[in-house]
Amino acid sequence: MAAQDFSSKHHAVVLGGGFAGVEAAIGLAKSGRFRVTLVSERDFLHLFPITIWTPTRAIPTSRTRVSLAELGRVNHFEVLVDSVASIETDANSVVLGGQTLSYDYLVIALGAGKPKPPGVEHTRSLCAGPDAAIDIRDQLDRLLRRGEGRIAVGFGGNPKDGSAMRGGPAFEILFNIDHLLRKKGVRDRYELSFFAPMATPGQRMGPKALAKIGPMLGARGIHQQVGSPITGFAADGISFEDGTKLGADLTLFIPGAVGLPVIAASGLPTNEAGFVKIDANTLVEGTVNVYAVGDVAALAGPEWRAKQGHVAEAMAHAAAHNIIKAAQGLNDRIGYAEHVSILCLMDTGSGGVLVYRSTKRQFAINLPIVGHWFKRGWGFYARNSKLRRFPRLPGL
Ligand SMILES: Cc1cc2nc3c(=O)[nH]c(=O)nc-3n(C[C@H](O)[C@H](O)[C@H](O)COP(=O)(O)OP(=O)(O)OC[C@H]3O[C@@H](n4cnc5c(N)ncnc54)[C@H](O)[C@@H]3O)c2cc1C
């Protein structure tokens, strides 16, 4: 294809190469109206939902990553691998590690930050990123070589923003470890525990999902320690406010998310938890050309709303649409509210539970065997549709 002339086009800069950033960049570039630059500190899109299989070696890490350079090449946007140091909305510019970029339109899609509860260095979280998934795999290997051990998996929330809680992957990784141990015939040599500070973890997914999770843990002999705040983590386990201690040789903990330091340092408007305040159409409060999408943004919606990949993509789609219309001088805008739902195919290693919750309906359906393969199919689809190897299904 001939090189495109971007010199006369508006410059749209997208910060972040996750689900939200990639979706926004694809949407903007597709319009042909912008020179689009995506900035990401890592050079690949990390397919978080399928990294639940990295620790058990059920998937090679290469399959959980999609090269941003290749995504940019086939979708016609530029990729800059660099770190965002500061966002200067007054000057319409972004300061990176190596240069300063000017923009006409900006999409902030930098994801969420991680809090640091006492002793968190003794824990590992799949949500911390690609290296963490590999580290958890290595720690699990170490315990397998030892031939016995205690593994505790849990999650926490953020009292300042209920949407910043991620429980699904904690259950998935527990079920997948259980499945691996059973396949190896060594389940009886390992103690598996689930812990959470809230009395009814998983409640955000709705009563139907909640009614399934407890029995699923029980049927697998997974001990539950819930309902008391966590006071700290140590090398040998977790302490709780009620004075109990859960012993563990390996603690996997997904803390509730918080806003990123770069957002606070840039003086952007945020909610109490540090997430960027936006209007119903993803425009950042007090700005005219800056949008925030995905986990970085303060999500509006029902009390059970949650930061999820499909919501991040719907927000990005809305932002791209709204920027295109703004650049055309048109008033037509779209929002993301109707896409705020919980959609999770909770994988167990040998099957799955499809959980859905919206304002209109909710269900949780057991999908033995096929559930697992649907989720694998989604990973294949996510990679190949973004690489334009086949068409994207509407809304997915
Ligand atoms: C283990 C796991 C399983 C999940 N499973 C599901 C699921 O089944 N279904 C579902 O819908 N959702 C799921 N989610 C949630 C989903 O993955 C997130 O909601 C989604 O990744 C958010 O996308 P994002 O683009 O907003 O943020 P991210 O994916 O976090 O992307 C942020 C991007 O910004 C970049 N970045 C951050 N800071 C800087 C900086 N200073 N400079 C430059 N670049 C920077 C990062 O490198 C990254 O490229 C899961 C999450 C995890 C962790």
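Details of the structure are given in the entry above.
How each quantity is defined
Residues numbered from 1 in each chain as written. Predicted model: local features only at pLDDT ≥ 70, side-chain atom pairs only at ≥ 80, totals over all residues. Heavy atoms only, no water. Helix = DSSP H or I, 4+ residues; strand = E, 2+ residues; numbered from the N terminus. Rg over C-alpha atoms; globule rule 2.2 N^0.38 Å. Buried < 20%, exposed > 50% of the residue type's maximum accessible area, 1.4 Å probe, protein only. Contact = heavy atoms within 4.5 Å. Areas by Shrake-Rupley, 256 points an atom, 1.4 Å probe, with all protein chains shown as cover. Lys, Arg positive; Asp, Glu negative; His and termini not counted. Charge placed at Lys NZ, Arg CZ, Asp CG, Glu CD. Phe/Tyr/Trp six-rings, centres within 6.5 Å; stacked < 30°, edge-to-face > 60°. Salt bridge = Lys/Arg side-chain N within 4 Å of Asp/Glu carboxyl O. Near = heavy atom within 4 Å. Polar contact = N/O pair within 3.5 Å; in protein donor to acceptor, adjacent residues only side chain to side chain. Nonpolar A, V, L, I, M, F, W, Y, C, P; charged D, E, K, R; others polar. Domains from an automatic or database assignment. Core = buried A, V, L, I, M, F, W, Y, C linked by side-chain atoms within 4.5 Å. Pairing = 2+ DSSP bridges. Axes fitted to C-alpha atoms, helices over the stretch in contact; angles between N-to-C directions.

Q: Sorry, what's going on with the overall build of the protein here?
A: For the protein, the helix and strand inventory stands at eight helices and 21 strands. Taken against the 2.2 N^0.38 rule, which gives 21 Å for 396 residues, the C-alpha radius of gyration of the protein at 21 Å falls within 12% of a compact globule. Principal axes of the C-alpha set define a box for the protein whose edges measure 65 × 45 × 40 Å. When burial is assessed residue by residue, the protein has 54% of its 396 residues classed as buried. Here the analysis covers contacts within the protein between residues at least 6 apart in sequence; of these, 64% occur between residues at least 24 apart. Approximately 17,100 Å² of the protein is accessible, and the part contributed by carbon and sulfur atoms is 53%. For the protein, the centre of its 44 positive side-chain charges and the centre of its 34 negative side-chain charges are spaced 7 Å apart.

Q: Explain the packing of aromatic side chains here, please?
A: For any pair of aromatic rings, geometry is given as the distance between the ring centres together with the angle between the planes. All chains considered together, the criterion is met by twelve aromatic pairs. Here the aromatic rings of Phe-34 and Tyr-105 are separated by 6.0 Å at their centres, their planes lie at 90°, and the arrangement is edge-to-face. Remark: Tyr-105 occurs in strand β9 (residues 105-108) and Phe-34 occurs in strand β2 (residues 34-40); sequence separation between them is 71 residues. Of the residues examined, Phe-34 reaches a relative accessible area of 1% and is grouped as buried. Owing to a relative accessible area of 12%, Tyr-105 belongs among the buried residues under this scheme. Residues Phe-380 and Phe-390 carry aromatic rings whose centres are separated by 6.0 Å and whose planes lie at 35° to one another, so their mutual orientation is tilted. Pair noted here: Phe-380 is in helix α8 (residues 370-386) and Phe-390 is in the segment after α8, with a separation of ten residues, a long-range link. For Phe-390, a relative accessible area of 29% puts it in the partly exposed group.

Q: Looking at this structure, I do not really get the side chain of Lys-325. What am I missing?
A: Counting through the fold element by element, Lys-325 comes out in helix α7 (residues 309-327). Buried within the structure, Lys-325 lacks any salt-bridge partner; Asp-332 is the closest side chain of opposite charge, at an N-O distance of 4.1 Å.

Q: Can you walk me through the site of the ligand in this structure?
A: In the vicinity of the ligand lie 30 residues, with Ala-20, Val-84, Cys-127, Asp-295 and Gly-309 positioned nearest. The side chain of Ser-40 places a nitrogen or oxygen atom 3.5 Å from an oxygen atom of the ligand. A distance of 3.4 Å is found between an oxygen atom of the ligand and a side-chain nitrogen or oxygen belonging to Lys-375. Looking at the shell around the ligand, the elements that each hand over two or more residues are α1 (19-30) and α7. With three residues, the single largest contributor to the shell around the ligand is α7. Its residues assigned to classes, the shell around the ligand shows twelve nonpolar, eleven polar and seven charged. Each of two domains, domain 1 (10-113 + 259-339 + 375-386) and domain 2 (120-256), supplies a minimum of three residues to the shell around the ligand.

Q: What exactly am I supposed to notice about the nonpolar core here?
A: Inside soluble globular proteins, nonpolar side chains tend to come together where they are buried. Of all hydrophobic cores here, the largest spans 104 residues; its most connected members are Leu-28 and Ile-108. If you count residues domain by domain, this core takes at least three from each of domain 1 (10-113 + 259-339 + 375-386) and domain 2 (120-256). Residues in contact with Leu-28, not counting those within four places in the same chain, are Ala-12, Val-14, Phe-34, Val-36, Val-107, Ala-320, Ile-323 and Ile-324. Core analysis: the second largest hydrophobic core is formed by eight residues, Phe-195, Phe-233, Ile-238 and Phe-253 among them.

Q: Teacher, can you tell me more about the sheet that holds β2 here?
A: Neighbouring strands of a sheet are bound in pairs by backbone hydrogen bonds; such pairs are parallel or else antiparallel. What the five strands build is an open sheet, ordered β5-β2-β1-β9-β18; its pairing is parallel. Because the sheet does not close on itself, it has two edges, and the strands there are β5 (78-81) and β18 (290-292). Ignoring strand direction, the axes of neighbouring strands in this sheet form an average angle of 20°. Seen against the sheet, α1 touches β1 (10-15), β2 and β9 and runs at an angle of roughly 165° to β2.

Q: Would you mind going over the sheet that holds strand β15 (residues 237-240) with me for this structure?
A: Strands sit in the order β14-β15-β16 across an open sheet of three strands; the sheet is antiparallel. Every interior strand has two partners, whereas the edge strands, β14 (230-234) and β16 (245-247), have only one. Averaged over all pairs of adjacent strands, the angle between strand axes in this sheet comes to 15°, irrespective of strand direction. Two strands pair when backbone bridges link them, and β15 and β16 are joined in this way by three bridges, in the antiparallel orientation. For Ser-239, the partnering residue across the bridge sits in β16 and is Lys-245.

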